[in-house]
Amino acid sequence: MNTHIVRSYDEDLKYLDNRLAAMGGHAERMVDQSVLALVNADAGLARKVISDDVFLDETQREIDDKAILLIAKRQPMADDLRQVVGAIRISADLERVGDLGKNIAKRVVAVTEGRQPLSLFRGLQALAELALTQLKEVLDVYASRSVDRLAFMRDRDDQIDAMYTSLFRELLTYMMEDPRNITPCTHLLFCAKNIERIGDHATNIAETVYYVVTGEQMPIERPKEDTSHTVGLPTE
């Protein structure tokens, strides 16, 4: 390829990275703001989060279209092809993170109608901080391509699962103590599950990043420690 084609090709690949970075930052803000709206009973902020989801939907489509065009025109091979395919996969995970943030925002009004103890909201905040830290660190690894830093993933994912299970049991206790708590606590339960799933999507992204950089599949992880299913309540 001549110099012009090579430069154009590099710009196309960089475009994918830039759009993924924009999606990542936006998804992080949506989740952070949705939890903040939940804690502060801020319906206005919740509505903003819901409307902000359009950006992630549109950007995912942009990335998909650009990636398909790249494959058709440039016929990338080896690490370049993995980068293009990886962009498609990561954008799908980030779009789902935004959906999870939107789902939390949609429950703000329902939770506000039956205000729960502050400790439960602190638990949700702590869980969200852990999940968002994991997501941010994974996206930083993608930007730097330093896959050796992915060693933290397993321990962090175990922490998220353990914290979610603890919060699940605490919510269940409040529901059993007073039937009036059932509806608001159920909404909080689904919010907690949405946050826990953000950690799962961060793990998916980590696996994609590992494949993009090394060309190999990430070693199989230990079984998940989320034991909430043993209690018998449905998950969303």
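Residues numbered from 1 in each chain as written. Predicted model: local features only at pLDDT ≥ 70, side-chain atom pairs only at ≥ 80, totals over all residues. Heavy atoms only, no water.

### As for the environment of leucine 36
And step 1. Relative to the helices and strands, leucine 36 resides in helix α1 (residues 3-40).
And step 2. According to the relative accessible area criterion, leucine 36 is partly exposed, its value standing at 39%. (Helix = DSSP H or I, 4+ residues; strand = E, 2+ residues; numbered from the N terminus. Buried < 20%, exposed > 50% of the residue type's maximum accessible area, 1.4 Å probe, protein only.)

### Description of the packing of aromatic side chains
And step 1. Counted according to the given criterion, the structure contains 1 aromatic pair.
And step 2. Over the aromatic face of tyrosine 15 sits the side chain of lysine 66, whose NZ or CZ is 5.2 Å from the ring centroid.
And step 3. Over the ring of tyrosine 142 we find arginine 145; its NZ or CZ atom is 4.2 Å from the centre of that ring. (Phe/Tyr/Trp six-rings, centres within 6.5 Å; stacked < 30°, edge-to-face > 60°. Lys NZ or Arg CZ within 6 Å of the ring centre and 35° of its normal.)

### Thoughts on the packing of helix α6 (residues 152-177) against helix α7 (residues 182-214)
And step 1. One way to put it is that α6 packs onto α7 with a least axis distance of 10 Å and a crossing angle of 170°. Of the possible angle classes, the one that applies to α6 and α7 is roughly antiparallel.
And step 2. For the contact of α6 with α7, the class distribution of residues is 15 nonpolar, 3 polar and 5 charged. (Axes fitted to C-alpha atoms, helices over the stretch in contact; angles between N-to-C directions. Parallel < 35°, antiparallel > 145°, perpendicular 65-115°, else oblique. Nonpolar A, V, L, I, M, F, W, Y, C, P; charged D, E, K, R; others polar.)

### Details of the pattern of salt bridges
And step 1. Throughout the structure, instances matching the rule amount to 11 salt bridges.
And step 2. In this structure, the salt-bridge partner of lysine 66 is aspartate 12, at a minimum N-O distance of 3.2 Å. Remark: aspartate 12 occurs in helix α1 and lysine 66 occurs in helix α2 (residues 43-74); sequence separation between them is 54 residues.
And step 3. The salt bridge partner of arginine 74 is aspartate 12, with a shortest N-O separation of 3.2 Å. Taken together, the residues arginine 74 in helix α2 and aspartate 12 in helix α1 connect sequence positions 62 residues apart.
And step 4. For aspartate 12, a relative accessible area of 13% corresponds to the buried category.
And step 5. Three or more residues are tied together by salt bridges with common partners; here these are Asp12, Lys66 and Arg74. (Salt bridge = Lys/Arg side-chain N within 4 Å of Asp/Glu carboxyl O.)

### Some remarks on the nonpolar core
And step 1. Ranked by internal contacts, the top residues of the largest apolar core, which has 66 residues, are Leu38, Leu94, Leu150, Leu188 and Ile195.
And step 2. If you list the elements that add at least two residues to this core, you get α1, α2, α3 (78-106), α4 (108-112), α5 (118-144), α6 and α7.
And step 3. Top element by residues in this core is α5. It accounts for 13 residues. (Core = buried A, V, L, I, M, F, W, Y, C linked by side-chain atoms within 4.5 Å.)

### Observations regarding a nonpolar patch on the surface
And step 1. A cluster of nonpolar side chains, namely Ile71, Leu81 and Val85, defines an oily patch on the protein surface of about 180 Å² accessible area.
And step 2. Tracing the chain through its elements places valine 85 in helix α3.
And step 3. For valine 85, a relative accessible area of 32% translates into the label partly exposed. (Patch = residues over 30% accessible without salt bridge, like charges linked within 9 Å, V, L, I, M, F, W, Y side chains within 5 Å. Areas by Shrake-Rupley, 256 points an atom, 1.4 Å probe, with all protein chains shown as cover.)

### Re the environment of tyrosine 164
And step 1. Turning to its location among the elements, tyrosine 164 is positioned in helix α6.
And step 2. Here tyrosine 164 falls in the buried class, since its relative accessible area comes to 1%.
And step 3. Residues tyrosine 164 and lysine 193, spaced 29 residues apart in sequence, show a C-alpha to C-alpha distance of 7.4 Å.

### Here we look at unusual backbone geometry
And step 1. Unusually for a residue other than glycine, alanine 41 sits at a positive phi of about 50°.
And step 2. Assignment of secondary structure puts alanine 41 in the loop between α1 and α2.
And step 3. Positive phi is not limited to glycine here, since glutamine 75 has a value of about 50°.
And step 4. Mapped onto the elements of the fold, glutamine 75 is located in the loop between α2 and α3.

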